[in-house]
Amino acid sequence: MAIDSEGGRCVSTDIAAGVPPAAALFHSLADETRLRIVQRLARGEARVVDLTAELGLAQSTVSKHLACLRDCDLVDYRAEGRQSFYSLTRPELMDLLASAEQLLAATGHAVTLRPAQVGESGS
């Protein structure tokens, strides 16, 4: 499933096209919009309307990137009445983001990719 004009694709589509799974995962997370959604969902579940307001993105943009993240099995949702609440499904993703923060800091490009945990100091 192509999801943007730059040819960004979801993990399962990349794997089906012969891309190794690790490369497909990193390719999926390389998209800035998906990474911003993951960062926001790391703080807790959210509806599409919450994500559009907080990230300043169009509903269609958020929805297509959530569909990709769901296809990757990184995000899922629960229905409550007519609303859907999205959340991260893989806690290991926070470990990956923490490692990326450490690597980027070590190379002189410090960034914050995940919310600070209680008792954790900023880098």
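Calculation notes
- Residues numbered from 1 in each chain as written.
- Predicted model: local features only at pLDDT ≥ 70, side-chain atom pairs only at ≥ 80, totals over all residues.
- Heavy atoms only, no water.
- Phe/Tyr/Trp six-rings, centres within 6.5 Å; stacked < 30°, edge-to-face > 60°.
- Buried < 20%, exposed > 50% of the residue type's maximum accessible area, 1.4 Å probe, protein only.
- Salt bridge = Lys/Arg side-chain N within 4 Å of Asp/Glu carboxyl O.
- Helix = DSSP H or I, 4+ residues; strand = E, 2+ residues; numbered from the N terminus.
- 1 Å grid on protein atoms, 1.4 Å probe; cavity = no way out; pocket = protein on both sides within 12 Å on 5 of 7 lines; lining within 4 Å.
- Points joined across faces, edges and corners; volume = space filled by probe spheres on them.
- Nonpolar A, V, L, I, M, F, W, Y, C, P; charged D, E, K, R; others polar.
- Core = buried A, V, L, I, M, F, W, Y, C linked by side-chain atoms within 4.5 Å.
- Expected span 1.5 Å × (residues − 1).
- Arc of directions from axis to C-beta.
- Contact = heavy atoms within 4.5 Å.
- Axes fitted to C-alpha atoms, helices over the stretch in contact; angles between N-to-C directions.
- Left-handed = near helix turned anticlockwise from the far one by under 90°.

A. Geometry of the packing of aromatic side chains. As enumerated under the stated definition, the model contains one aromatic pair in all. Plain terms: the ring middles of Tyr77 and Tyr86 are 5.6 Å apart, the flat faces sit at 40° to each other, and that makes the pair tilted. Relative accessible area serves as the criterion here: at 36%, Tyr77 is assigned to the partly exposed category.

B. Local environment of the pattern of salt bridges. Applying the stated rule across the entire model yields seven salt bridges. Between Arg40 and Glu54 there is a salt bridge, and its shortest N-O distance comes to 2.5 Å. With Arg40 in helix α3 (residues 32-41) and Glu54 in helix α4 (residues 48-55), the pair connects residues that are 14 residues apart, well separated along the chain. Between Arg43 and Glu54 there is a salt bridge; the shortest N-O distance is 3.2 Å. Of this pair, Arg43 sits in the loop between α3 and α4 while Glu54 sits in helix α4, placing them 11 residues apart in sequence. Overall, the relative accessible area of 56% leaves Arg43 in the exposed class.

C. Molecular detail of the layout of surface pockets. When its volume is computed, the second largest pocket comes out at roughly 150 Å³. Along its surface, the second largest pocket is lined by Phe26, Leu29, Leu35, Leu96, Leu97, Ser99, Ala100, Leu104 and Leu113. Among the secondary structure elements, those contributing two or more residues to the lining of the second largest pocket are α2 (21-29) and α6 (92-106). Sort the elements by how many residues they give to the lining of the second largest pocket and α6 lands first, with five residues. Residue composition of the lining of the second largest pocket, grouped by class: eight nonpolar, one polar and no charged.

D. Broad picture of the nonpolar core. Ranked by size, the top nonpolar core spans 25 residues in total, and within it Ile37, Val38, Leu41, Leu51 and Leu66 carry the most contacts. Among the secondary structure elements, those contributing two or more residues to this core are α2, α3, α4, α5 (59-71) and α6.

E. Summary view of α5. In this model α5 runs 18 Å from its N-terminal to its C-terminal C-alpha over 13 residues, within 8% of the 18 Å that 1.5 Å per residue would give. Within the sequence span of α5, burial applies to Val62, His65, Leu66, Cys68 and Leu69. Seen from one end, α5 has its buried residues packed into an arc of 155°, which puts them on one side. Elements that come into contact with the buried residues of α5 comprise α2, α3, α4, β1 (75-80) and β2 (83-88). Count one or two residues on from α5 and you reach Asp73, which has phi positive near 65°.

F. Up close: the packing of α4 against α5. The interhelical angle for the contact between α4 and α5, taken along N-to-C directions, is 115°, at an axis separation of 9 Å. Of the two elements, α4 crosses α5, and the hand of that crossing is right-handed. In this structure, α4 contributes Val48, Leu51 and Thr52 to the contact, and α5 contributes Gln59, Val62, Ser63 and Leu66. In terms of residue class, the contact of α4 with α5 is made up of four nonpolar, three polar and no charged.

Such coordinate-based values are descriptive only and should not be taken to indicate function.
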